[in-house]
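Inside the fold
As a plain string of letters, each chain reads:
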Amino acid sequence: MQVLTGTTEYFKGIGPVTFEGLESDNPLAFRWYDATRVVAGRPLKDWLRFACSYWHSFNGNGSDPFGGPTHFFAWDQRSDVLDRARDKMDAAFEFFTKMSLPFYCFHDVDLVDYENDVAENERRLQAITDYALEKQAASGVQLLWGTANLFSHVRYMNGAATNPDFNVVAHAGAQVKAALDATLKLGGENYVFWGGREGYMSLLNTNMKKEQEHMARFLHMAKDYARKQGFKGTFFIEPKPCEPTKHQYDYDAATVISFLRQYDLLDDFKLNIEVNHATLAGHTFQHELQVAADAGLLGSMDANRGDYQNGWDTDQFPNNLNELTEAMLIILEAGGFSGGGINFDAKIRRNSTDAADLFYAHIGGMDAFARALIIADNVLQRSEYRQLRADRYQSFADGTGRDFEEGKLSLEALRDLAIQNGEPQQISGKQEYYENMINRFI
Ligand code: XUL
Ligand code: CO
């Protein structure tokens, strides 16, 4: 990929980051991510489809509830709002191309600051997406998905599409319309809905049924509008159980799937599964991926990791090989993502303040995923993993087990078979054996 810098080079002396292999001890090189290496019939770049999150990497300034910014950006200096937005975009595309990141993702307000004037915001988004079109064409970087930030503005404090005040719902609609227009204009492959404040802080003041019906109505309107404009991509819902709300309606994959089914949205929507959202819901990441894959709805992934010692969304860069290998087993067996990819919804720490830290973070994440994919493919191709799992269900392959699966048996027949066959023998689940199989290939 050709490195793309604007008039200023923001990450001086760093990159382009290339694949150097296992012999390399260069911290600014890939040791595993060889984009063109073919694994399970496809190059790594096609399995992984890495994307950079605009919000964490170019807006996230390190502030937290206890202190202000620690990341001071050279692209955030000029007084004119569009000058500033273009500088930020120069920095972003310099980073994407130095990292060979094929995709990026954004919220509307990540690209350019918004005010309270709907028409002015639309004008700003149009102007900055004109610039993004040029940048995409010059670099080959593509938009994996766009979205609208319906949670930061003060008007959304009681929700956006689920707000009890219709005036707020209308503003959410205006914002989503403009974000859809921007996504379409940039050839975005998908569009995401993460309902950060679509939920409640207290059930005492909340009509949950009404709010969920409003959410479904809103999603239908957005989908109908985008399709009418010619959008061919997929809409993703990103489940999360809580934070910032006490309870978010898109709690987890199973909840979202049943919501999509109830409101007739299954033809257009799939899921974007995020690691730390899964763990906040009391699940493993693998569980959420499997639920989505089993429903044929595994659209995309937001990659990050949480912290075992606390219960909030820390959005750290992924580095846990065992966890990622189990995830890649599911993704390989599902045949990859439906339209999506791996978006690093992750941020460098507040005290990671060197320009190179953003590079180390993405290099680590990309290498970890590439390595996990290679390990998972080895497990599938070279171990007894598949066979053992299939053998576990052997009793349904023929005879009465098969009759059961095909609905040919009654409950009375089960009773008679229980007597006829006697007490079953113990069959081990071999959990430790399976766990060792993964470690064997790491
Ligand atoms: C928040 C989160 C969002 C979505 C996009 O937890 O994951 O950044 O990915 O709105
Ligand atoms: Co996310």
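None of these values were measured; they are calculated from a predicted model.

Brief notes about the overall build of the chain
Across its full length, the chain holds 16 helices and twelve strands. Taking 2.2 N^0.38 as the reference for a compact globule, 442 residues should give roughly 22 Å; the C-alpha atoms of the chain span a radius of gyration of 24 Å, in line with that estimate. Seen through its C-alpha atoms, the chain measures out along the principal axes to roughly 85 × 60 × 45 Å. In the chain, of all internal contacts separated by at least 6 residues, the share reaching a separation of at least 24 is 76%.

What to know about the sheet that holds strand 8 (residues 234-237)
Spatial strand order, 3-4-5-6-8-10-11-12: eight strands in a closed barrel with parallel pairing. Sheet twist, expressed as the average angle between the axes of neighbouring strands with direction ignored, equals 30 degrees. In terms of strand pairing, strand 3 (residues 50-53) meets strand 12 (residues 342-344) through three bridges, oriented parallel. Residue pairing in the sheet places F50 in a bridge with I342 of strand 12. Packing against the sheet, helix 6 (residues 166-185) makes contact with strand 5 (142-147), strand 6 (190-193) and strand 8, and its axis sits at approximately 155 degrees to strand 6.

Digging into the domain arrangement of the chain
The domain boundaries assigned to the chain delineate domain 1 (38-382) and domain 2 (385-441). Spacing between the C-alpha centres of domain 1 and domain 2 amounts to 40 Å. Contacts between domain 1 and domain 2 engage eleven residues on the former and seven residues on the latter. Both sides together, the interface formed by domain 1 and domain 2 hides about 900 Å², and carbon and sulfur atoms give 60% of it. When the buried area of domain 1 at its contact with domain 2 is split by residue, E333, V379 and L380 rank highest and sum to 45% of it.

Brief notes about the site of ligand 1
Lining the immediate surroundings of ligand 1 are W55, H107, F151, W194, E238, K240, E274, H277, D302, D313 and D345. One of the side-chain nitrogen or oxygen atoms of W55 is found 3.4 Å away from an oxygen atom of ligand 1. Contacts to ligand 1 include K240, whose side-chain N or O atom sits 3.1 Å from an oxygen atom. For ligand 1, whose unbound accessible area comes to 290 Å², protein coverage reaches 93%.

Considering helix 10 (residues 285-294)
Taken together, the buried positions of helix 10 are occupied by F285, Q286, E288, L289 and A292. Seen end-on, helix 10 carries its buried residues on one side only, within an arc spanning 165 degrees. On its buried face, helix 10 sits against helix 8 (253-262), strand 10 (269-274), helix 9 (275-280), strand 11 (298-303) and helix 11 (321-333). The positive-phi residue at the C-terminal boundary of helix 10 is G296, with phi of around 70 degrees.

A word on the packing of helix 5 (residues 118-139) against helix 6
Look at helix 5 against helix 6: their axes get within 10 Å of each other, and the N-to-C directions meet at 15 degrees. Classified by the angle their axes make, helix 5 and helix 6 are roughly parallel. Every pair of crossing elements has a handedness; the one defined by helix 5 and helix 6 is right-handed. Touching V118, E122, L125, Q126, T129, D130 and L133 of helix 5 are H171, A174, A178, A179, A182 and K185, all from helix 6. The class makeup of the residues in the contact of helix 5 with helix 6 is seven nonpolar, three polar and three charged.

Some remarks on the side chain of T245
Following the sequence through the fold, T245 ends up in the loop between strand 8 and strand 9 (247-248). Relative accessible area serves as the criterion here: at 6%, T245 is assigned to the buried category. Discounting residues that sit within four places of it in the chain, T245 has contacts with G196, R197, G199, Y200 and M201.

Examining the packing of aromatic side chains
Taken as a whole and judged by the stated rule, the model has 32 aromatic pairs. Measuring from ring centre to ring centre gives 5.9 Å for F58 and F96, while their planes differ by 80 degrees; the resulting arrangement is edge-to-face. Taken together, the residues span a long stretch of sequence, with F58 in helix 2 (residues 54-59) and F96 in helix 3 (residues 81-99) at a distance of 38 residues. Residue classification places F58 among the buried residues on the basis of a relative accessible area of 1%. Judged by relative accessible area, which is 0%, F96 ranks as buried. Centroid distance Y191 to F193: 5.1 Å. Interplanar angle 65 degrees. Geometry classified as edge-to-face. Taken together, the aromatic side chains of Y10, F11, Y54, F58, F73, W75, F93, F95, F96, Y104, F106 and F359 make up a single cluster linked through ring pairs. One cation-aromatic arrangement involves R86 over Y131; the distance from NZ or CZ to the ring centre is 6.0 Å. For K430, the ring lying beneath its charged end belongs to Y433, and the centroid distance is 5.9 Å.

Cut-offs applied
Residues numbered from 1 in each chain as written. Chains lettered and ligands numbered in written order. Predicted model: local features only at pLDDT ≥ 70, side-chain atom pairs only at ≥ 80, totals over all residues. Heavy atoms only, no water. Helix = DSSP H or I, 4+ residues; strand = E, 2+ residues; numbered from the N terminus. Rg over C-alpha atoms; globule rule 2.2 N^0.38 Å. Contact = heavy atoms within 4.5 Å. Pairing = 2+ DSSP bridges. Axes fitted to C-alpha atoms, helices over the stretch in contact; angles between N-to-C directions. Domains from an automatic or database assignment. Buried area = accessible area lost by both parts, 1.4 Å probe. Near = heavy atom within 4 Å. Polar contact = N/O pair within 3.5 Å; in protein donor to acceptor, adjacent residues only side chain to side chain. Areas by Shrake-Rupley, 256 points an atom, 1.4 Å probe, with all protein chains shown as cover. Buried < 20%, exposed > 50% of the residue type's maximum accessible area, 1.4 Å probe, protein only. Arc of directions from axis to C-beta. Parallel < 35°, antiparallel > 145°, perpendicular 65-115°, else oblique. Left-handed = near helix turned anticlockwise from the far one by under 90°. Nonpolar A, V, L, I, M, F, W, Y, C, P; charged D, E, K, R; others polar. Phe/Tyr/Trp six-rings, centres within 6.5 Å; stacked < 30°, edge-to-face > 60°. Lys NZ or Arg CZ within 6 Å of the ring centre and 35° of its normal.

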